[in-house]
2 protein chains.
Amino acid sequence: MPTITILGAGYMGSALTFPAADNGHRVRLWGTWLDNDLIRAVQEGQEHSRLQTRLPQGVETFYANGLAEALAGADLVINAVTSEGIVPVMTHAFPLMPQDALFASVSKGFWSGPGGNIQRLSAIIAPRAPSPRFRYLHVAGPCKALELCRRVPTAVHYACEDIAIAQRVAELMRTSYYQIRPTSDLAGCEVCSAFKNAYAIAIGLFDGLEKAGRVSQSYNTKSAAFSKAVREMALVVEAMGGQLDTVFGLPGMGDLLVTAVAGRNRTFGELLGLGQMSAAEVVEYMSSRDQLTEGYPAIRTGWYLVQRLAQRGKVRLESFTLLQALYAMVYENAPVWETLQRFQWIEGE
Amino acid sequence: MPTITILGAGYMGSALTFPAADNGHRVRLWGTWLDNDLIRAVQEGQEHSRLQTRLPQGVETFYANGLAEALAGADLVINAVTSEGIVPVMTHAFPLMPQDALFASVSKGFWSGPGGNIQRLSAIIAPRAPSPRFRYLHVAGPCKALELCRRVPTAVHYACEDIAIAQRVAELMRTSYYQIRPTSDLAGCEVCSAFKNAYAIAIGLFDGLEKAGRVSQSYNTKSAAFSKAVREMALVVEAMGGQLDTVFGLPGMGDLLVTAVAGRNRTFGELLGLGQMSAAEVVEYMSSRDQLTEGYPAIRTGWYLVQRLAQRGKVRLESFTLLQALYAMVYENAPVWETLQRFQWIEGE
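Here the structure is a predicted model, which is why all the values come from computation and not from measurement.

How each quantity is defined
Residues numbered from 1 in each chain as written. Chains lettered and ligands numbered in written order. Predicted model: local features only at pLDDT ≥ 70, side-chain atom pairs only at ≥ 80, totals over all residues. Heavy atoms only, no water. Least-squares fit on C-alpha atoms with pLDDT ≥ 70 in both. Helix = DSSP H or I, 4+ residues; strand = E, 2+ residues; numbered from the N terminus. Buried < 20%, exposed > 50% of the residue type's maximum accessible area, 1.4 Å probe, protein only. Contact = heavy atoms within 4.5 Å. Buried area = accessible area lost by both parts, 1.4 Å probe. Salt bridge = Lys/Arg side-chain N within 4 Å of Asp/Glu carboxyl O. Polar contact = N/O pair within 3.5 Å; in protein donor to acceptor, adjacent residues only side chain to side chain. Axes fitted to C-alpha atoms, helices over the stretch in contact; angles between N-to-C directions. Left-handed = near helix turned anticlockwise from the far one by under 90°. Nonpolar A, V, L, I, M, F, W, Y, C, P; charged D, E, K, R; others polar. Parallel < 35°, antiparallel > 145°, perpendicular 65-115°, else oblique. Pairing = 2+ DSSP bridges. Phe/Tyr/Trp six-rings, centres within 6.5 Å; stacked < 30°, edge-to-face > 60°.

## Points about the relation of the copies chain B and chain A
- Expressed as a screw operation, the relation of chain B to chain A combines 0.0 Å of axial shift with a rotation of 180 degrees, fitting to an RMSD of 0.0 Å. The two molecules are tied by a two-fold rotation axis, judged by turn and shift. Among all residues of chain B, the one whose C-alpha sits closest to the rotation axis is phenylalanine 248 of chain B, at a distance of 3.4 Å.

If you want it as structure tokens, here you go:
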């Protein structure tokens with residue numbers, strides 16, 4: 001019986017125990033030091049307080065200090081901490097993992113280092129693995145944890161440069177409701193996952209403008225923004241060696257859609273579009289309610305990355321007018337309504 | 001001063017008087033015999049009853065019997081009747097139009113003739129034009145009339161095989177809030193416009209399933225359906241000589257989005273997904289409320305077209321599982337929840 005160890009007991013990590021357990025595997029869920037309350041509730045037989053449901057029977061849970069025990073003999077290790085937590089967590093986890101354990105990560109975002117050094121998470125994590133046989137697998141595509149744990153049909157891509165590994169991991173995790181396409185386009189999937197949070201904020205802004213009465217209804221403009229976002233994402237993916245199919249499929253367009261119509265990044269946009277708080281105030285307001293807004297740093301990281309790609313001649317900066325406008329509205333207090341009203345949705349005009 | 005004559009005084013025809021008038025043109029709005037009440041209200045100085053706003057000052061209105069007068073000296077004629085009305089209306093209009101008048105059409109759909117003969121509207125209309133210099137221009141992309149007439153930023157494609165004509169018409173109609181990209185991909189734009197109504201119903205079905213309590217929330221599946229719809233549309237567009245850029249831009253993905261989250265085709269899907277009426281009953285219910293559901297016939301027309309393309313070796317029928325499932329649910333009473341729950345969103349599994 002394969003053993004699957006999931007690191008991080010928040011929304012997504014805990015939701016992944018469902019397909020893993022439904023496949024009959026031994027499932028272990030390890031919580032970081034931030035997850036103590038979540039783990040305690042599960043151990044006491046209560047609902048997982050975020051998922052609002054009980055985890056599958058037989059899932060073994062571990063507190064932060066039980067990392068070695070959680071990883072012992074694992075066949076597959078799934079990282080489900082945030083993109084900010086992945087480096088510290090995996091630094092601890094690597095020496096405790098079996099050398100040939102498979103690895104998958106659901107973290108979405110870039111690693112942002114000193115001096116504007118921006119990297120794909122795989123490029124930061126893979127070199128820290130003790131085994132030269134380690135391969136990074138990224139899980140991309142539209143997957144809300146609250147739906148996955150209710151077994152609502154979900155389709156994602158498992159991306160690993162070694163497609164055979166993507167296929168093996170997919171085989172372990174696939175169920176009738178958790179459908180998985182193995183792909184070798186790790187670059188494309190990682191870039192899409194990191195950028196969709198930034199662009200989802202654009203759609204949320206219009207929700208805020210509608211609520212503020214600046215515009216009655218703005219489906220036309222939201223659709224234009226969605227199309228422009230996908231176009232800009234396609235340019236970055238191409239520049240970073242990914243495939244266009246990925247952008248126009250579940251990891252890009254599909255994940256952008258779910259993020260743009262539901263979730264915290266949309267909420268961030270809505271609160272900013274309402275016009276009563278600055279972006280920094282919205283972040284503070286949402287943080288105080290335990291709501292992470294990954295899109296907020298993603299806009300800055302994305303804009304810096306695109307500037308660097310432009311310097312190296314990989315993209316034309318003028319093609320990224322939406323990302324630039326998002327940066328201006330979120331980090332430079334550009335007025336939201338005025339910026340979006342005069343925005344040129346059609347390029348080359 | 002150029003004269004622009006708009007045929008059809010419903011939602012879209014009337015909304016187009018706004019950019020036309022804002023550009024300082026002489027604007028004429030002609031109503032079909034179905035539009036008498038709309039024209040009368042406007043002539044009496046009231047609001048347009050569908051748009052719920054007054055038309056711009058100076059717009060001249062014409063009843064059905066004033067077609068010759070409305071078309072006399074027109075520089076641009078815009079067809080804004082339904083895809084079912086375009087043939088009879090243009091049959092009357094052509095002999096009354098100046099030989100060199102420009103032409104644009106906002107009708108979205110295929111022409112469906114006897115014996116399963118399905119054609120792009122341009123292929124049916126262009127041969128009926130008396131002038132050999134006639135060029136068909138199709139307006140594609142996400143554009144809700146209720147927003148256009150409120151000057152909400154909107155971006156569309158004007159598609160004509162002769163790009164110079166697309167540019168000339170775009171020049172006449174473009175405003176700061178009505179942004180237009182001229183394109184020569186008439187085939188791609190027409191196919192996208194016709195298919196998006198069919199696929200939008202798929203998204204609406206989930207809204208119905210949610211309301212019926214069959215599923216709590218289904219953003220994951222809606223996103224998977226959206227991605228699959230775009231993929232299937234891309235295959236038809238390629239088979240019919242259109243460009244992929246068009247599918248992954250405003251005419252395809254963009255228009256599908258606005259149709260899937262708002263509008264009558266989504267409503268049709270929702271009512272069917274609720275599970276209390278058959279598709280035919282939903283059509284009857286909506287018709288009795290003056291609500292046209294273009295997606296209902298579009299599913300049948302689309303499915304027949306794809307079968308014909310497959311017979312000619314242009315597509316593989318197995319690639320169109322979503323369209324086939326839609327056809328089964330809408331025309332063959334296949335159960336909605338069971339069909340969608342076991343649907344394979346990932347191909348080749």
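Back to the write-up after that little detour.
## Overview of unusual backbone geometry
- If you check the backbone angles, asparagine 333 of chain A has positive phi at about 55 degrees while not being a glycine.
- Here asparagine 333 of chain A lies in the loop between helix H15 (321-331) and helix H16 (336-341).
- Given the relative accessible area of 58%, asparagine 333 of chain A is considered exposed.
- Positioned with a positive phi, arginine 151 of chain B is a non-glycine residue whose angle comes to about 60 degrees.
- In this structure, arginine 151 of chain B sits in the loop between helix H6 (145-148) and strand S9 (154-160).
- Among the residues examined, arginine 151 of chain B registers a relative accessible area of 37% and is labelled partly exposed.

## Focus: the interface of chain B and chain A
- Listed per partner, the contact involves 44 residues of chain B and 44 residues of chain A.
- Buried surface at the junction of chain B and chain A, both sides included, amounts to about 3,600 Å², of which 61% is carbon and sulfur.
- Area buried by chain B at its contact with chain A is led by Pro153, Asn220 and Ile346 of chain B, which between them contribute 18% of it.
- Between chain B and chain A we count zero salt bridges in total.
- There are 20 residue pairs in polar contact (both at pLDDT 80 or more) connecting chain B and chain A.

## Remarks on the packing of helix H8 (residues 186-211) of chain A against helix H11 (residues 250-261) of chain A
Residue and element names in this part refer to chain A.
- Following both chains from N to C, one finds H8 and H11 inclined at 35 degrees, their axes separated by 8 Å at the closest point. Judged by the twist between their axes, the crossing of H8 over H11 is right-handed. Facing Cys189, Cys192, Ser193, Lys196, Asn197, Tyr199, Ala200 and Ile203 of H8, the residues of H11 in contact are Pro251, Gly252, Asp255, Leu256, Thr259 and Ala260.
- In terms of residue class, the contact of H8 with H11 is made up of eight nonpolar, four polar and two charged.

## Notes on the packing of helix H8 (residues 186-211) of chain B against helix H12 (residues 264-274) of chain B
All names here are of chain B.
- The interhelical angle for the contact between H8 and H12, taken along N-to-C directions, is 45 degrees, at an axis separation of 6 Å. Classified by the interaxial angle, the pair formed by H8 and H12 is oblique. Considering only the axes of H8 and H12, their crossing is right-handed. Seen from H8, the contacting residues are Asn197, Ala200, Ile201, Gly204, Leu205, Asp207, Gly208, Leu209 and Lys211; seen from H12, they are Asn265, Arg266, Phe268, Gly269, Glu270, Leu272, Gly273 and Leu274.

## Notes on the pattern of salt bridges
Residue and element names in this part refer to chain B.
- Counted by the stated rule, this structure contains 37 salt bridges over all chains.
- Across the salt bridge formed by arginine 151 and aspartate 22, the nearest N and O atoms sit 2.7 Å from each other. Taken together, the residues span a long stretch of sequence, with arginine 151 in the loop between H6 and S9 and aspartate 22 in helix H1 (residues 11-22) at a distance of 129 residues.
- A salt bridge links glutamate 338 to arginine 214, with the shortest nitrogen-to-oxygen separation between them at 3.4 Å.

## Topic: the pairing of strand S1 (residues 3-7) of chain B
Residue and element names in this part refer to chain B.
- In terms of residue burial, S1 counts as a mostly covered element, since five of its five residues are buried.
- Because side chains alternate across S1, one face comprises the buried residues Thr3, Thr5 and Leu7, and the other comprises Ile4 and Ile6, equally buried.
- Pairing geometry for S1 and strand S4 (residues 76-79), over four bridges, is parallel. Opposite isoleucine 4, over in S4, you have leucine 76 as the bridge partner.

## A few points about H15 of chain A
All names here are of chain A.
- Within H15, eight of the eleven residues are buried, leaving the element largely enclosed by the surrounding structure.
- What H15 keeps buried is the set Leu322, Leu323, Ala325, Leu326, Tyr327, Ala328, Met329 and Val330.
- Of the surrounding secondary structure, the elements contacted by the buried residues of H15 are H8, helix H9 (219-239), helix H12 (264-274), helix H13 (279-287), helix H14 (295-311) and H16.
- Positive phi shows up at asparagine 333, right after H15, with a value of about 55 degrees.

## So, the environment of glutamine 324 of chain B
- With respect to the element layout, glutamine 324 of chain B can be found in helix H15 (residues 321-331).
- Considering only alpha carbons, one finds glutamine 324 of chain B and valine 306 of chain B, 18 residues apart in sequence, at a separation of 9.7 Å.

## Brief notes about the packing of aromatic side chains
- Going through the model one piece at a time under the given rule, you end up with 28 aromatic pairs over all chains.
- With a centroid separation of 5.7 Å and 80 degrees between ring planes, the pair formed by phenylalanine 110 of chain B and phenylalanine 195 of chain B is classed as edge-to-face. Placement of the pair is phenylalanine 110 of chain B in strand S6 (residues 110-112) and phenylalanine 195 of chain B in helix H8, with a sequence separation of 85 residues. Assigned by exposure class, phenylalanine 110 of chain B and phenylalanine 195 of chain B land together as buried.
- One aromatic cluster is present, formed by Phe268, Tyr296, Trp303, Tyr304, Tyr327 and Tyr331 of chain A through successive ring pairs.

## Describing the environment of alanine 74 of chain A
- Its location among the elements puts alanine 74 of chain A in the loop between helix H3 (67-71) and strand S4 (76-79).
- Along the sequence, alanine 74 of chain A and valine 191 of chain A sit 117 residues apart, while their C-alpha atoms lie 28 Å from each other.

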